[in-house]
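Residue strings, one per chain:
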2 protein chains.
Amino acid sequence: MTQKQEQLSKNQQIVLSIIERAKGPLKAYSILYNVQKRGIKAPLQVYRALEKLIEAGKIHKIESKNAFIACKNSDCEISKTTAFSICNNCEHVKEIKNSKLSKYLSNFADNSGMKYKKYNLEFFGLCKNCKLKQ
Amino acid sequence: MTQKQEQLSKNQQIVLSIIERAKGPLKAYSILYNVQKRGIKAPLQVYRALEKLIEAGKIHKIESKNAFIACKNSDCEISKTTAFSICNNCEHVKEIKNSKLSKYLSNFADNSGMKYKKYNLEFFGLCKNCKLKQ
DNA sequence: TAACAAACGTTATATTATAACAAATTAAGG
DNA sequence: CCTTAATTTGTTATAATATAACGTTTGTTA
Ligand SMILES: [Zn+2]
Ligand SMILES: [Zn+2]
Ligand SMILES: [Zn+2]
Ligand SMILES: [Zn+2]
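Residues numbered from 1 in each chain as written. Chains lettered and ligands numbered in written order. Predicted model: local features only at pLDDT ≥ 70, side-chain atom pairs only at ≥ 80, totals over all residues. Heavy atoms only, no water.

S.K.: How would you summarise the sheet that holds strand β4 (residues 81-87) of chain B if you had to cite specific residues and measurements?
M.R.: Ordered in space as β4(A)-β3(A)-β5(A)-β6(B)-β4(B)-β5(B), the 6 strands form an open sheet in which the pairing is mixed. Of all the strands in the sheet, just β4 (93-95) of chain A together with β5 (93-95) of chain B have a single pairing partner and so form its edges. Strand after strand, the sheet turns through a mean of 15° between neighbouring axes, direction not considered. Pairing of β4(B) with β5(B), which is carried by 3 bridges, proceeds in the antiparallel orientation. (Pairing = 2+ DSSP bridges. Helix = DSSP H or I, 4+ residues; strand = E, 2+ residues; numbered from the N terminus. Axes fitted to C-alpha atoms, helices over the stretch in contact; angles between N-to-C directions.)

Here is the structure:
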């Protein structure tokens, strides 16, 4: 009876805490530098933790940036339907929590007959701050 | 009066022709191997061509795969609003052309007040073929 | 406690992408 | 045509991102 792991392991906790404390998405090697004092020495240790954290819905990968951000949607069990807004100027990234959007996309079906359980959406534009400064 | 380039350069044409002939998305180094007989020797030559082709809307990058696919929407001048369906099993990728979807997303605005001119959406699931074989 | 799965540690290496610089080509204006 | 600027090219080196392979340790379950 294999069952989904509940508890995070030591390395997973360390990596998660760094990501949660960060103001924005972190890159894997930046995480590595941040956790070396806590005993994590190699990239692979970070990548393994990242993989598990993503599976657990604790973090998401921003694909267009190869960076990782903590989930703010009360730990999306979802984790499969993600949407982000990304500022092209200051690189600010925010997870979009919008039930209409997620409903719309979860129910989307094109003529291919393919039904999707998973998607990732990345919006780009200028955030409020950066819009003013222009 | 700088103006958007109309004509593709030699290397851009070579790279584009490879991508257009391919059945699915190609990775940069796979493109490189494919064009070496045509005189392109270095990764940078490929990446430079890719960059221009993306700007021109001739190709798109599949972010979750670090791969490049030819645009099928009559050369999206759009190129800024992209959606793809990706099969998790056979890796088949198809650009989604659906005006309702693009209208919905182009008009989407969340409570952040941010308005988006650009997005990339990647759907994941099983294609028809792979669904049958399961 | 035996058996298995998951996590860990470590070294090496694969893959993806860009920096820096100089030469060649192309486009536009006088 | 000549000049100038912009773009494209060629080349070498290197940065940044990610995984393979192996053996050990730890935790769970029967
Ligand atoms: Zn989330
Ligand atoms: Zn901003
Ligand atoms: Zn397109
Ligand atoms: Zn398939």
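Still to come is the rest of the account.
S.K.: Any details on unusual backbone geometry? Residues and values, ideally.
M.R.: Even without a glycine there, the phi angle at Asn66(A) is positive, about 45°. Using a relative accessible area of 36% as the deciding quantity, one classes Asn66(A) as partly exposed. Notably, Glu91(B) is not glycine yet its phi reads approximately 70°, a positive angle. Tracing the backbone shows Glu91(B) in the loop between β4 and β5. You can call Glu91(B) partly exposed: its relative accessible area is 45%. (Buried < 20%, exposed > 50% of the residue type's maximum accessible area, 1.4 Å probe, protein only.)

S.K.: So, the coordination of the zinc ion (ligand 2): which residues are in play, and what are the values?
M.R.: Expected angles at a metal are 109.5 degrees for tetrahedral coordination by four donors and either 90 or 180 degrees for octahedral coordination by six donors. All names here are of chain A. Ligation of the zinc ion (ligand 2) by protein atoms is provided by Cys87 (SG), Cys90 (SG), Cys127 (SG) and Cys130 (SG), these donors lying 2.3 to 2.4 Å from the ion. One can describe the donor arrangement at the zinc ion (ligand 2) as tetrahedral, given that its 4 donor atoms subtend angles of 105 to 113° at the metal. Ordering the donors of the zinc ion (ligand 2) by residue number gives the pattern C-x2-C-x36-C-x2-C. The same class applies to Cys127 and to Cys130, which are both buried. (Donors = N, O, S within 2.8 Å, 3.2 Å for Na, K, Ca; no water. Tetrahedral: all angles 85-135°; square planar, octahedral: opposite > 155°, others 65-115°.)

S.K.: Tell me what's going on with the nonpolar core, and back it up with residues and numbers.
M.R.: In terms of nonpolar packing, the biggest core is built from 28 residues, with Leu101(A), Leu121(A), Phe123(A) and Leu121(B) touching the most fellow members. Every element with two or more residues in this core is listed here: β3 (81-87), α4 (99-106) and β5 (116-125) of chain A together with β4, α4 (99-106) and β6 (116-125) of chain B. Filtering out sequence-adjacent residues up to four positions away, Phe123(A) remains in contact with Phe84(A), Ser85(A), Ile86(A), Ile96(A), Leu101(A), Leu105(B), Phe108(B), Tyr116(B), Lys118(B) and Tyr119(B). (Core = buried A, V, L, I, M, F, W, Y, C linked by side-chain atoms within 4.5 Å. Contact = heavy atoms within 4.5 Å.)

S.K.: Could you give an account of the interface of chain B and chain A, naming the residues involved and the relevant values?
M.R.: Across the boundary between the two partners, chain B contributes 33 residues, which contact 33 residues of chain A. Across the chain B to chain A interface the summed buried area is about 2,800 Å²; carbon plus sulfur atoms make up 62%. Of all residues in chain B, Met114(B), Phe123(B) and Phe124(B) give up the largest surface area on contact with chain A, accounting jointly for 20% of the area buried on that side. The tally of links between chain B and chain A comes to 0 salt bridges. Linking chain B with chain A are 4 residue pairs in polar contact (both at pLDDT 80 or more). Those elements giving two or more residues to the side of chain B that touches chain A turn out to be β4, α4, β6 and α5 (128-133) of chain B. Tallying contributions element by element places β6(B) first for the side of chain B that touches chain A, with 10 residues. Here the residues of the side of chain B that touches chain A are counted per class, giving 15 nonpolar, 8 polar and 10 charged. Of the strand pairs in this sheet, β5(A) and β6(B) are connected by 9 bridges, and their pairing is antiparallel. The partner of Leu121(A) across the bridge, within β6(B), is Leu121(B). (Buried area = accessible area lost by both parts, 1.4 Å probe. Salt bridge = Lys/Arg side-chain N within 4 Å of Asp/Glu carboxyl O. Polar contact = N/O pair within 3.5 Å; in protein donor to acceptor, adjacent residues only side chain to side chain. Nonpolar A, V, L, I, M, F, W, Y, C, P; charged D, E, K, R; others polar.)

S.K.: Describe the environment of Lys27(B), listing the residues and the values that go with them.
M.R.: Residues and elements named next belong to chain B. For Lys27, the position within the fold is in strand β1 (residues 26-27). A sequence separation of 56 residues divides Lys27 from Ala83, and the C-alpha atoms of the two residues are 19 Å apart. For Lys27, the residues in contact, after removing those within four places along its chain, are Lys65, Asn66 and Ala67.

S.K.: Kindly report on the packing of aromatic side chains, identifying the contributing residues and their values.
M.R.: Counting across every chain of the model gives 9 aromatic pairs over all chains. Geometrically, the ring pair formed by Tyr116(A) and Phe123(B) is stacked, given 4.4 Å between the ring centres and 25° between the ring planes. One end of the pair, Tyr116(A), is in strand β5; the other, Phe123(B), is in strand β6, on a second chain. For Phe123(B), a relative accessible area of 0% corresponds to the buried category. Aromatic side chains Tyr29(B) and Tyr47(B) sit 6.3 Å apart centroid to centroid with 65° between the ring planes, which places their arrangement in the edge-to-face category. (Phe/Tyr/Trp six-rings, centres within 6.5 Å; stacked < 30°, edge-to-face > 60°.)

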